[in-house]
Amino acid sequence: MLIPSMGKYFFSVLAFVFTLSACRAQFVSVEDSLEVLLPHLQGRELVDAVSAIAEENIHSDLEKLDRYANAADSLAQRIGYPEGEAMARIIKGYSLYWRGHLAQAREAFQREFDRSVALKFTRGIYMGQEGVFITSLRLGEIEKAHQCVESLLTFVKTIPDSVERNFYITEANNKLAYYYIILHEFPKAHEVLRANMAFALRHPGSPRIMGMILKTMGDLESREDLTRESIAHLEQAREYFRVVRDRHSYLSCIMIQATMYAQAGETAKAMLIFEDLLTRAKQRGYRIGIADLDFELAQLYANQGKFAKAIALQLESLALYTELNRVNEMMILREGLGKTYVKLGNFPQAITHFKQAIQLSESNVPEGESRRVLSDLYILLSQASLRMDERDDANYYARKALYSPTAHEDFALAVPALNNLARVFLSLQEPDSAARTLVTITNHLDVIQSNREQTVYFNSLGELNRQRKSYAQSLAAFGKALALSKAAHYADEQLLALKGLSDVQAETRHPGEALAQLESYYALKDSVYSMTASNEITDILIKYQTAEKERLNALLRSEQIVQEANFRTQGITLVLISVVLALTALLAIGLIRTNLVNKKHNQSLAEKNQEIALQNEEISSQTEAIEAQHEKLKQSLQDLKYTQAMLIHSEKMASLGQLTAGVAHEINNPVNFISSGVDELTQQIDVIITLLKQYDDAAPALPEIEQQAIVALKNELGFEDTLDDIQNLKRLIGTGVERTTHIVKSLRVFSHEGQKAFSHANLNEQLDATLAMTQSEMRGRIEVVKRFDPALPLVECNIGEINQVFMNIILNGIQAIEDKGTLAIATRWDAREKHVRVEIADTGRGIPADVKYHIFDPFFTTKEVGKGTGLGLTISASIVEKHHGQIQVQSEEGHGTCFIVTLPETQTATGGIGIVAMSKNTFPATAGDDSDQ
């Protein structure tokens, strides 16, 4: 039951169609049968048949689709058949979709879906929602697409008729599997398809359903490189589609099968299939099919090194896509031409085609697809630039190609860009950079299904090991790349592998093996790139350019004929205009009389409108009062939240200060004990060493045999080394005690034990104490540059609060530096203004302009959930303001950040909070210079 809700009319059409082709030996499409049937139909049956022909051309001839869908729409309106109108307009939505007008297509699908819901038209509801689903996927709106699938699954389960319900349940589950395939969630897709197949076997229905499930299985397996399983399922699907005469799905299965043969290295078999399909398409005048098949064959010829044939087919395909206005396919063709020219060594021409493809992509590819498409194109641009030795351009394009998959996408999508970047680094003789990139690929090598990307990876790995002189690993990697490229017929990667093997053998002084690899390299290169092919390509390009000129001349002649016809019709137009003017004058007299009557009505309407306006004004004022009250309540809630957070934070900081002071106090006593003990121990050891030296000086007076015994005992016990070890241990223990004492002092200074209110403090010491508290965050990663003013006076402040400000700013700077960097801290005394200036600058990622003016807002944070409260800088700003000081920020994204805290010497001045922008990151230069790692 294909379209149950359209009633008996559609079934009578289908019954007649199936009767027309009882022969199973030859494929006959539904469209062919329906065109024969049209003269015998009328009414709703005719509308359904015309719509079915339009639907058959969704994936092939959009002009024919428009023609038949418009005819069905017109017929349905004339006979009062709303379901037929909805169906025709949904099909016209697919015309918009394939022409790239995705927003308009989705609007059309949504409109007809809503209309079908009102009509309770099942087929219209399903196809309308299906259209919204596919456009949402193309637009990159993954959540919207998922909602559509869930909505479809919910709807189809409510269909009363059991046969119809089972049909649509299997169709909807097939869409769900397709959704998971697009997201590269292959295990989920397998699970849905297995369950759907089991359901379809329990509830037998249309053969088309079994065909669609098997086709989706084959498509999924083709993406997983499961060649044998994919071809088997596609073969079964073709038989089902032949029975129901679904031409597009039937040919689609053949196309996927041929592609799988090509990927499996059975190029000849794939070419036979494509050439047979191309012959059939030309016999039918099926232009979009001709263009698609030209493109597929061109790729196979290019992989075989038959570039003349490849370019001829690509140019023919490009001309057809241009005529049909298939922008997406034009972009793909430009990319294909560029690849072919790369293989020919014509890199300037290749770069021209790649840039044209990028222009088409940026203006026509939906946002959801453009990231992946542009990444592929920039990879190709980078490779072509590299082959022209334009290394800066290659590096630039390689970095633009870097692609981070979304949460719904597989890491394998990022591999081509990473492979390419590694290859660029290797060409720039930067093996360390290349190694870091290749490590990322190595960690995910198990998810890379593409034989080509594996080949590129092993070639790059071989070159990396060659540059590092790790020749055994290099030979192994190049050998792996050679085996993969031979199996998959990747001539370009095979050449790179042979050249790499030859270079390694030459460097390891194996001239015989190096010469053999080099001979293989040149033999393959000569077979792929020949002068004959170059001449053939030149002839093809000349023919193509000539045909383009003839086409443009024909267009100009057509425009000239149209212009002459326009001149002839101008005289007739003038006569018609005169008649129209006379009729207009008569109508004007009638309108004047009517206008007098309307004036009276308008006056009455104006009075009513005035009353309504007064009522609206009153309602508006009430609304404004309510909104103002709402805003006050929101602000009050925000203030309460902020106050509560500040109180909690203050309690935490007070507890932390007490804890820190207690810990410092408890540690201080044992440290003093150890320090005193170390000094006494050092003195006693010195006494013992002095005594031993006296014994040593007196030893020559002893008998020789006793001297020998003493020397032997010294050697056995390692006496001299023991003395050195004792001295070293003394120094190490002394250093440890000194560092522990410094840490305890820093803890006590930072917590400022016993400090309750304002007192005088040396800010240089407070900054040193704060830095000591953060050493574990910085060690080995961040260099600290200190430029403290030695003439800095004591500042009146709450030391604990000021240390909190310094801690917040320094920790933010440390967290902003992702790898290695510098933290510069400077202090300066302004004698004229009587204030101290503290500058803390980092070389981190900087603050974006749109974020900068919010950083002091309560609860505002750019950190991940759970890693920041959004109160650090807010509290710091309020502390500085409480001290009658100023806090400023200077930052530019990518150039670091500098916070400037200005405090008065005594608490008699006034100040505020200020924010200024920074053109670039510069460290503050003031008196004094010190550094710490």
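Treat the numbers as computed from the prediction; the structure is a model and nothing was measured.

K.L.:
Outline the overall build of the protein, listing residues and values.
P.N.:
Of the regular secondary structure elements, the protein holds 34 helices and eight strands. Split into buried and exposed, the 933 residues of the protein put 43% on the buried side. Summarising the internal contacts of the protein: among those between residues at least 6 apart in sequence, 65% fall at separations of at least 24. Accessible surface computed for the protein: about 49,700 Å², of which carbon and sulfur atoms make up 55%.

K.L.:
Summarise a negative patch on the surface; cite the residues concerned and give the values.
P.N.:
Taken together, the side chains of Glu 720, Asp 721, Asp 724 and Asp 725 present a region of like negative charge at the surface. Relative to the helices and strands, Glu 720 is located in helix α29 (residues 719–751).

K.L.:
Please give an account of the packing of helix α7 (residues 122–138) against helix α8 (residues 142–156) that cites residues and values.
P.N.:
At a minimum axis distance of 7 Å, the contact between α7 and α8 shows a crossing angle of 160°. In terms of orientation, α7 and α8 fall into the roughly antiparallel class. Between α7 and α8 lies a crossing whose hand is left-handed. Side by side, α7 and α8 meet where Thr 122, Ile 125, Tyr 126, Gln 129, Glu 130, Val 132, Phe 133, Ser 136 and Leu 137 of the first sit next to Ile 142, Lys 144, Ala 145, Cys 148, Val 149, Ser 151, Leu 152, Phe 155 and Val 156 of the second. In terms of residue class, the contact of α7 with α8 is built from 12 nonpolar, four polar and two charged.

K.L.:
Please provide a residue-by-residue account of the pattern of salt bridges, values included.
P.N.:
For side chains bearing opposite charge, pairing can occur when the charged atoms are close. Within the structure shown, the criterion is met by 26 salt bridges. The shortest N-O distance in the salt bridge between Arg 115 and Glu 85 comes to 2.8 Å. Of this pair, Arg 115 sits in helix α6 (residues 102–119) while Glu 85 sits in helix α5 (residues 82–98), and the two are 30 residues apart along the sequence.

K.L.:
For a nonpolar patch on the surface, give the residues involved together with the corresponding values.
P.N.:
Residues Val 579, Leu 583, Leu 586 and Ile 589 make up a contiguous nonpolar surface patch of roughly 400 Å² in combined accessible area. Considering the arrangement of structural elements, one finds Leu 583 in helix α27 (residues 531–698). Given the relative accessible area of 49%, Leu 583 is considered partly exposed.

K.L.:
Quick one: what's the story with the side chain of Asn 173, residue by residue and with numbers?
P.N.:
With respect to the secondary-structure elements, Asn 173 resides in helix α9 (residues 162–182). Residue Asn 173 is classed as buried on the basis of its relative accessible area, which comes to 18%.

K.L.:
Any details on the environment of Gly 100? Residues and values, ideally.
P.N.:
Within the element layout of this structure, Gly 100 appears in the loop between α5 and α6. Considering only alpha carbons, one finds Gly 100 and Val 327, 227 residues apart in sequence, at a separation of 7.4 Å.

K.L.:
Let's hear about the packing of aromatic side chains: which residues, and what values?
P.N.:
Counted under the stated rule, the structure contains eight aromatic pairs. Relative to Tyr 397, the ring of Tyr 378 has its centre 6.1 Å away and its plane inclined at 20°; by these criteria the two rings are stacked. Highlighted residues: Tyr 378 in helix α19 (residues 367–387) and Tyr 397 in helix α20 (residues 391–401), separated in sequence by 19 residues. Tyr 378 gets classed as buried once you look at its relative accessible area, which sits at 10%. What links up through ring pairs into an aromatic cluster is the set Tyr 126, Phe 167 and Tyr 168.

K.L.:
With reference to specific residues and values, describe unusual backbone geometry.
P.N.:
For Lys 834, which is not a glycine, the phi torsion comes out positive at approximately 60°. If you trace the backbone, Lys 834 turns up in the loop between β4 (821–830) and β5 (835–842). On the accessibility criterion, Lys 834 (48% relative accessible area) is partly exposed. The phi angle at His 884 is positive, at roughly 60°, despite the residue not being glycine. If you trace the backbone, His 884 turns up in the loop between α34 (872–882) and β6 (886–891). Overall, the relative accessible area of 31% leaves His 884 in the partly exposed class.

K.L.:
An account of helix α25 (residues 491–507) is requested, with residue identities and associated values reported.
P.N.:
Taking 1.5 Å of rise per residue, 17 residues should cover 24 Å, and α25 covers 24 Å from first to last C-alpha, within 8% of that figure. Looking only at α25, the buried set comprises Ala 491, Glu 493, Gln 494, Leu 495, Ala 497, Leu 498, Gly 500, Leu 501, Ser 502, Val 504 and Gln 505.

K.L.:
Give me the confidence of the model for the protein: which residues, what numbers.
P.N.:
Here the protein averages 77 in pLDDT, and 78% of its residues register 70 or above. Segment residues 530–536: pLDDT under 50, and two contacts once partners within four positions in sequence are set aside and those in other chains are kept. Throughout residues 909–933 the model reports pLDDT below 50, and contacts reaching past four residues in sequence, or to other chains, amount to 82 contacts.

K.L.:
Tell me what's going on with the nonpolar core, and back it up with residues and numbers.
P.N.:
Of all hydrophobic cores here, the largest spans 130 residues; its most connected members are Phe 133 and Tyr 179. With 10 residues, the single largest contributor to this core is helix α15 (residues 287–303). Residue-level mapping places this core at the junction of two domains, with at least three residues from each of domain 1 (28–264) and domain 2 (266–325). Other than its neighbours up to four places away in sequence, Phe 133 contacts Ala 145, Cys 148, Val 149, Lys 175, Tyr 178 and Tyr 179.

K.L.:
For α7, give the residues involved together with the corresponding values.
P.N.:
Compared with the 24 Å implied by 1.5 Å per residue over 17 residues, the 25 Å span of α7 between its first and last C-alpha is a close match. Within two residues after α7, Gly 140 carries a phi angle of roughly 80°, on the positive side.

K.L.:
Just give me the short version of the pairing of strand β7 (residues 897–904), but keep the residues and values in it.
P.N.:
Most of β7 sits inside the fold, with eight of its eight residues counted as buried. Going residue by residue along β7, you find Thr 897, Phe 899, Val 901 and Leu 903 tucked away on one face and Cys 898, Ile 900, Thr 902 and Pro 904 tucked away on the opposite face as well. Inspection of the sheet shows β5 paired to β7 by eight bridges, in the antiparallel sense. If you follow His 835 over to β7, its bridge partner there is Pro 904. As paired strands, β6 and β7 are joined by six bridges and run antiparallel to one another. If you follow Ser 891 over to β7, its bridge partner there is Thr 897. Following β6, the chain reverses through five residues before pairing antiparallel with β7; Gly 894 in that reversal takes a positive phi of roughly 90°.

K.L.:
Kindly report on the pairing of β5, identifying the contributing residues and their values.
P.N.:
For β5, the buried fraction is high: six of the eight residues fall into the buried class. The sheet contact formed by β4 and β5 spans eight bridges and is antiparallel. Counterpart to Ala 826 in the pairing with β5 is Glu 839. Turn length for the β4-β5 hairpin, with the two strands adjacent in sequence and antiparallel, is four residues, and the turn residue Lys 834 shows positive phi of about 60°.

K.L.:
Lay out the packing of helix α24 (residues 471–488) against α25 with the relevant residues and their values.
P.N.:
For the pair α24 and α25, interaxial distance at closest approach is 8 Å and the crossing angle is 155°. For the element pair α24 / α25, the angle class is roughly antiparallel. For the element pair α24 and α25, the recorded crossing hand is left-handed. Packed against α24, whose contacting residues are Tyr 471, Ser 474, Leu 475, Phe 478, Gly 479, Ala 481, Leu 482, Ser 485 and Lys 486, the element α25 presents Glu 493, Gln 494, Leu 496, Ala 497, Leu 498, Gly 500, Leu 501, Val 504, Gln 505 and Glu 507 at the interface.

Conventions used here
Residues numbered from 1 in each chain as written. Predicted model: local features only at pLDDT ≥ 70, side-chain atom pairs only at ≥ 80, totals over all residues. Heavy atoms only, no water. Helix = DSSP H or I, 4+ residues; strand = E, 2+ residues; numbered from the N terminus. Buried < 20%, exposed > 50% of the residue type's maximum accessible area, 1.4 Å probe, protein only. Contact = heavy atoms within 4.5 Å. Areas by Shrake-Rupley, 256 points an atom, 1.4 Å probe, with all protein chains shown as cover. Patch = residues over 30% accessible without salt bridge, like charges linked within 9 Å, V, L, I, M, F, W, Y side chains within 5 Å. Salt bridge = Lys/Arg side-chain N within 4 Å of Asp/Glu carboxyl O. Lys, Arg positive; Asp, Glu negative; His and termini not counted. Charge placed at Lys NZ, Arg CZ, Asp CG, Glu CD. Axes fitted to C-alpha atoms, helices over the stretch in contact; angles between N-to-C directions. Parallel < 35°, antiparallel > 145°, perpendicular 65-115°, else oblique. Left-handed = near helix turned anticlockwise from the far one by under 90°. Nonpolar A, V, L, I, M, F, W, Y, C, P; charged D, E, K, R; others polar. Phe/Tyr/Trp six-rings, centres within 6.5 Å; stacked < 30°, edge-to-face > 60°. Expected span 1.5 Å × (residues − 1). pLDDT = per-residue confidence, 0-100. Core = buried A, V, L, I, M, F, W, Y, C linked by side-chain atoms within 4.5 Å. Domains from an automatic or database assignment. Pairing = 2+ DSSP bridges.

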